[in-house]
Amino acid sequence: MAAIKATSISRPYSRSQRLALTTRQHLSGEDEITVEIARRADAEICRGPGDEGVLECAGSIFNVQDTQKQKDAYMHIGTVTAGQVKTGNTVKARVNRSERRQIAYNHSATHLLHAALRKVLGEHVTQKGSLVQSDRLRFDFSHFAPVSPEQLNEIEDLVNEKIRANYDVDTRLMKQDEAMAAGAMALFGEKYGDVVRVLSMGDFSVELCGGTHVNHTGDIGLFKIISETGVAAGVRRT
Ligand SMILES: [Zn+2]
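Residues numbered from 1 in each chain as written. Predicted model: local features only at pLDDT ≥ 70, side-chain atom pairs only at ≥ 80, totals over all residues.

A. Quick look at the overall build of the protein chain. In terms of regular secondary structure, the protein chain is built from three helices and 16 strands. The burial tally for the protein chain puts 34% of its 238 residues in the buried class. In the protein chain, the proportion of contacts linking residues at least 24 apart, taken out of those at least 6 apart, comes to 64%. (Helix = DSSP H or I, 4+ residues; strand = E, 2+ residues; numbered from the N terminus. Buried ≥ 20, exposed ≤ 12 C-beta atoms within 10 Å, placed from the backbone. Contact = placed C-beta atoms within 7 Å.)

B. Layout of the sheet that holds strand β12 (residues 169-175). Taking strand neighbours across the sheet as the criterion, the three strands line up as β12-β13-β14 in an open arrangement whose pairing is antiparallel. Each edge of the sheet is formed by a strand with only one pairing partner; in this case those strands are β12 and β14 (205-208). This sheet shows a mean twist of 25° between the axes of neighbouring strands, independent of strand direction. Of the pairings in the sheet, the one linking strand β13 (residues 195-201) to β14 comprises four bridges and is antiparallel in character. Considered in β14, the bridge of V198 is made with L208. (Pairing = 2+ DSSP bridges. Axes fitted to C-alpha atoms, helices over the stretch in contact; angles between N-to-C directions.)

C. Representation of the nonpolar core within the structure. Grouped together as the largest cluster of nonpolar side chains are 27 residues, with contacts concentrated most on A109, L112, L113, A116, V159, V198 and I220. Counting residues per element, the ones that place at least two in this core are α1 (99-121), β11 (137-142), α2 (149-164) and β13. Per-element tally for this core: the top contributor is α1, with eight residues. Setting aside its immediate chain neighbours within four residues, L113 contacts F139, V159 and T238. (Core = buried A, V, L, I, M, F, W, Y, C linked by C-beta atoms within 7 Å.)

D. Spotlight on the pairing of strand β10 (residues 127-132). Here five bridges tie β10 to β11, and the two strands are oriented antiparallel to one another. In the strand pairing of β11, Q127 is matched with F141. Count of turn residues in the β10/β11 antiparallel hairpin: four residues.

E. Geometry of the confidence of the model for the protein chain. In the predicted model, the protein chain carries a mean pLDDT of 76, and the fraction of residues at 70 or more is 72%. The least confident element of the protein chain is strand β1 (residues 13-14), whose mean pLDDT is 48; the most confident is α2, at 94. Low confidence marks residues 1-14, where pLDDT is under 50. Its contacts with residues over four positions away, or in another chain, come to 35 contacts. (pLDDT = per-residue confidence, 0-100.)

F. Molecular detail of the sheet that holds β11. The four strands are arranged β10-β11-β16-β15 in an open sheet whose pairing can be described as antiparallel. Pairing within the sheet leaves two strands with one partner each, and these edge strands are β10 and β15 (229-232). If you compare each strand with its neighbour and ignore which way they point, the axes differ by 25° on average. Where β11 lies against strand β16 (residues 235-237), three bridges are found, and the strand directions are antiparallel. From the neighbouring strand, F141 faces β16, where its bridge partner is R236. Sitting on the sheet, α1 is in contact with β10 and β11, with an inclination near 25° to β11.

G. Layout of the packing of α1 against α2. At their nearest, the axes of α1 and α2 sit 9 Å apart, and the two run at 130° to each other. With respect to each other, α1 and α2 are oriented oblique. Two packed elements cross with a definite hand, and for α1 against α2 that hand is right-handed. Between α1 and α2, the residues in contact are A109, L112, L113, A116, L117, K119, V120 and L121 and Q151, E154, I155, L158, V159, K162 and I163, respectively. In terms of residue class, the contact of α1 with α2 is made up of 11 nonpolar, one polar and three charged. (Parallel < 35°, antiparallel > 145°, perpendicular 65-115°, else oblique. Left-handed = near helix turned anticlockwise from the far one by under 90°. Nonpolar A, V, L, I, M, F, W, Y, C, P; charged D, E, K, R; others polar.)

Pasting the structure below:
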């Protein structure tokens, strides 16, 4: 249970207003928190794979459609669907692990896998394709020999080490040339605009990506390689 200091906005918000509530902790399970109403949610902050669920308080319900990390606070974005919610209310959180979130786990794991393959097999490894689903991921990459069981173990261990490191997953908008200078990996042959979205997980993975991701690598939980095969000359699949 964490008490949050109230912001300057103290009037109650009611039904169907889209709001961002902030907390200083990442909610899980049945955590209780005190609400801080930060601001009305606007279009550009409403994206991402964050937790969905509801915040309940004495008959009032706040339906959370997304949760995003912003510096040291968490923003719960959604609408009041019953009653009123105001700053200073203590709410009970019920979190759904949605399919969207499961996909985000696998998408973020894909970035870690890409970086681990380059580290273990060499910098010649580049992404040739990938499939991200809620229950698995598949990754095709350039490499000219089968990957040994020892190398597969090393790759898997490295990804799990980076999951446990629990890096913040940060996104930044940058000019394309600045992003390249900062070492961001881009897909060969992909067209990017002048301004690109750079996704980084510590200094381990820095890639251009517009997709939805976890907030911290630790959210992924565990990574396991099921198979590795050749799918075309010089292209391997995990
Ligand atoms: Zn991505």
